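Take a look at the letters that make up each chain.
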Amino acid sequence: MNLHQLRFVREAVRQNYNLTDAAKALFTSQPGVSKAIIELEEELGVDIFTRHGKRIRGLTEPGRLVLESVELIMQEIESLKRIGKEYAAHDSGSFTIATTHTQARYMLPKVVQAFMQKFPKVRLSLLQGNPKQIADMVKTGQADLAIATEAIAAMDGLVTLPCYQWEHVVVVPPEHELLRSKAVSLEEIASYPLITYDAAFAGRSKIDHAFTLRELKPDVLLEAIDADVIKTYVELGMGVGIIAGMAFDTERDRNLRTIPVGHLFGMNVSRVAVKQGAYLRSYIYTFIELLAPSLTRKMVEAAMRGGENYEL
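Colleague: Would you mind showing me how to read the packing of aromatic side chains here?
Modeller: Two aromatic rings are characterised by how far apart their centres lie and by the angle between their planes. The full count for this structure, using the stated rule, is nine aromatic pairs. Taken together, the ring pairs connect F95, F115, F119, Y283 and F287 into an aromatic cluster.

Colleague: Hey, could you run me through the pairing of strand β6 (residues 158-172) in this one?
Modeller: Put simply, side chains in a regular strand alternate between the two faces of the sheet. Burial analysis of β6 places 13 of its 15 residues in the buried class, which makes it a mostly covered element. Sheet topology note: the β6/strand β11 (residues 267-275) ladder contains nine bridges and is antiparallel. In the strand pairing of β11, L158 is matched with K275. Where β6 meets strand β9 (residues 240-244), four bridges bridge the pair, whose relative direction is antiparallel. For V169, the partnering residue across the bridge sits in β9 and is I243.

Colleague: Just checking my understanding: could you explain the layout of surface pockets for this structure?
Modeller: A water-sized probe, rolled over the atoms, reveals where empty space remains. Here the largest pocket defines a volume of roughly 500 Å³. E78, R82, G141, Q142 and D144 are, among the 26 residues lining the largest pocket, the residues nearest its centre. Within the lining of the largest pocket, the residues separate by chemical class into eight nonpolar, eight polar and 10 charged.

Colleague: It is not clear to me how unusual backbone geometry should be interpreted in this structure. Could you clarify?
Modeller: A negative phi holds for most residues other than glycine; trans holds for most peptide bonds. In this structure, Y17 is a non-glycine residue whose phi angle is positive, near 70°. For Y17, the position within the fold is in the loop between α1 (3-14) and α2 (19-25). If you check the backbone angles, E215 has positive phi at about 60° while not being a glycine.

Colleague: When you look at a nonpolar patch on the surface in this model, what are you seeing that I'm missing?
Modeller: On the surface, a nonpolar cluster with roughly 420 Å² of combined accessible area is contributed by L221, V229, Y233, L236 and M238. On the secondary structure map, L236 appears in the loop between α9 (227-235) and β9. The class of L236 is exposed, set by a relative accessible area of 61%.

Colleague: Explain the nonpolar core here, please?
Modeller: Taken as a class, soluble globular proteins show a tendency for nonpolar side chains to be buried jointly. Of all hydrophobic cores here, the largest spans 46 residues; its most connected members are F95, L145, I243, V272 and F287. Among the elements that take part in this core, β6 stands out by supplying seven residues, more than any other.

Colleague: Would you mind going over the environment of L26 with me for this structure?
Modeller: Relative to the helices and strands, L26 resides in the loop between α2 and α3 (30-44). Spatially, the C-alpha atoms of L26 and I288 are 33 Å apart, while their sequence positions differ by 262 residues. Apart from residues no more than four positions distant in its own chain, L26 is found in contact with R7, F8 and E11.

Colleague: I tried to follow helix α6 (residues 131-139) on my own but got confused; where do I start?
Modeller: Each α-helix turn comprises 3.6 residues. Residues three or four places apart therefore point the same way. All of the buried residues along α6 are P131, I134, A135, M137 and V138. Seen from one end, α6 has its buried residues packed into an arc of 155°, which puts them on one side. Tucked inside the fold, the buried residues of α6 contact β3 (92-99), β4 (121-128), β5 (145-149), β6 and β11. Structurally, the start of α6 carries an N-cap: the backbone nitrogen of K132 is 3.1 Å from a side-chain oxygen of N130.

Colleague: For this particular structure, what's the right way to read the environment of M116?
Modeller: Relative to the helices and strands, M116 resides in helix α5 (residues 101-118). Each C-alpha atom, one on M116 and one on F287, is 9.5 Å from the other, the two residues being 171 residues apart in sequence. With sequence-adjacent residues up to four places away left out, M116 is seen in contact with V122 and L124.

Colleague: Looking at this model, I keep getting lost on the packing of α1 against α3. Mind explaining?
Modeller: If you want to describe how two helices pack, look at the angle between their axes and the distance between the axes. Two elements in contact, α1 and α3, have axes separated by 9 Å at closest approach and are oriented at 110°. The angle between α1 and α3 places the two elements in the roughly perpendicular class. For the pair α1 and α3, contact is made by Q5, L6, F8, V9 and A12 and by G32, V33, A36, I37, E39 and L40, respectively. Of the residues assigned to the contact of α1 with α3, the class counts are eight nonpolar, two polar and one charged.

Colleague: Sorry, what's going on with the pairing of strand β2 (residues 55-59) here?
Modeller: Where strand β1 (residues 49-52) and β2 come together, four bridges link them in antiparallel fashion. Bridging across to β2, H52 finds its partner in R55. Counting the residues in the hairpin turn of β1 and β2 gives two residues, including G53, whose phi is positive at 70°.

Colleague: Is there a simple way to think about the side chain of T102 in this case?
Modeller: If you trace the backbone, T102 turns up in helix α5. In this structure T102 comes out as buried when scored by relative accessible area, which is 5%. Not counting residues within four places of it along the chain, the set of residues in contact with T102 comprises M107, Y197, A227, A244, M246 and A247.

Definitions and limits used
- Residues numbered from 1 in each chain as written.
- Predicted model: local features only at pLDDT ≥ 70, side-chain atom pairs only at ≥ 80, totals over all residues.
- Heavy atoms only, no water.
- Phe/Tyr/Trp six-rings, centres within 6.5 Å; stacked < 30°, edge-to-face > 60°.
- Buried < 20%, exposed > 50% of the residue type's maximum accessible area, 1.4 Å probe, protein only.
- Helix = DSSP H or I, 4+ residues; strand = E, 2+ residues; numbered from the N terminus.
- Pairing = 2+ DSSP bridges.
- 1 Å grid on protein atoms, 1.4 Å probe; cavity = no way out; pocket = protein on both sides within 12 Å on 5 of 7 lines; lining within 4 Å.
- Points joined across faces, edges and corners; volume = space filled by probe spheres on them.
- Nonpolar A, V, L, I, M, F, W, Y, C, P; charged D, E, K, R; others polar.
- Patch = residues over 30% accessible without salt bridge, like charges linked within 9 Å, V, L, I, M, F, W, Y side chains within 5 Å.
- Areas by Shrake-Rupley, 256 points an atom, 1.4 Å probe, with all protein chains shown as cover.
- Salt bridge = Lys/Arg side-chain N within 4 Å of Asp/Glu carboxyl O.
- Core = buried A, V, L, I, M, F, W, Y, C linked by side-chain atoms within 4.5 Å.
- Contact = heavy atoms within 4.5 Å.
- Arc of directions from axis to C-beta.
- Polar contact = N/O pair within 3.5 Å; in protein donor to acceptor, adjacent residues only side chain to side chain.
- Axes fitted to C-alpha atoms, helices over the stretch in contact; angles between N-to-C directions.
- Parallel < 35°, antiparallel > 145°, perpendicular 65-115°, else oblique.

Printed below as a string of structure tokens:
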């Protein structure tokens, strides 16, 4: 048994059981991959993959257990490599953050700026996606950590910790009727065409749930993944916007006004997530603490050992 065989098994699954694509991804030959997998199966005494002729079609029951072990082994290998790199260079290396547009655009700039001042030799990358996509980026090793709403707390294989709370706000033009309401209600909001987030983003599920509880069916005119897009169409007078409060900038959004609606849609929690069992470079702990000062290295390490999702 060798690491090449384990890599071939993992990549075959990642490439949807296409050994030609797996071979290309690993810069080797398809016959070599096939032979190595067969040799591993013979050594283990079980079939890892189901087959139709010479083509593999999926994982057998023992194959699923083998894959779980392979993933753990490869994760430990990556951790060993990172340990070596960190001791060779404490203040340099690469760091990839997966996050949503709202976080990247409105919450991270000052944190990233402070981090880069502390670690100018670190090459920082930002990847964007919806919560599920960024969680997958962390689980597959594409990113070191993810930052999103609490939706990522429900995803297996991650340890998540709370960073900060926020609420939704309604955004309207300066002379809009809703600004004259002393306490905006769901019924009032639902009487206008709505422009808000796509279902995968920024607490949209809480918005929908609040309307459903009151048996209201608002006219969602436009859905977007980006608060800036939502605000643009609100400025055009196409409807009432609902965005994350953090995404409103009083200086840049002078043509709009906000109405806090946390009392209608509830509070949201943004969380930072890392892969369970992963090895984190020391400067990643520093970044997490810059993001949320309460998340000290000691607390993060304790959470990772326990494999828990901490709450505020």
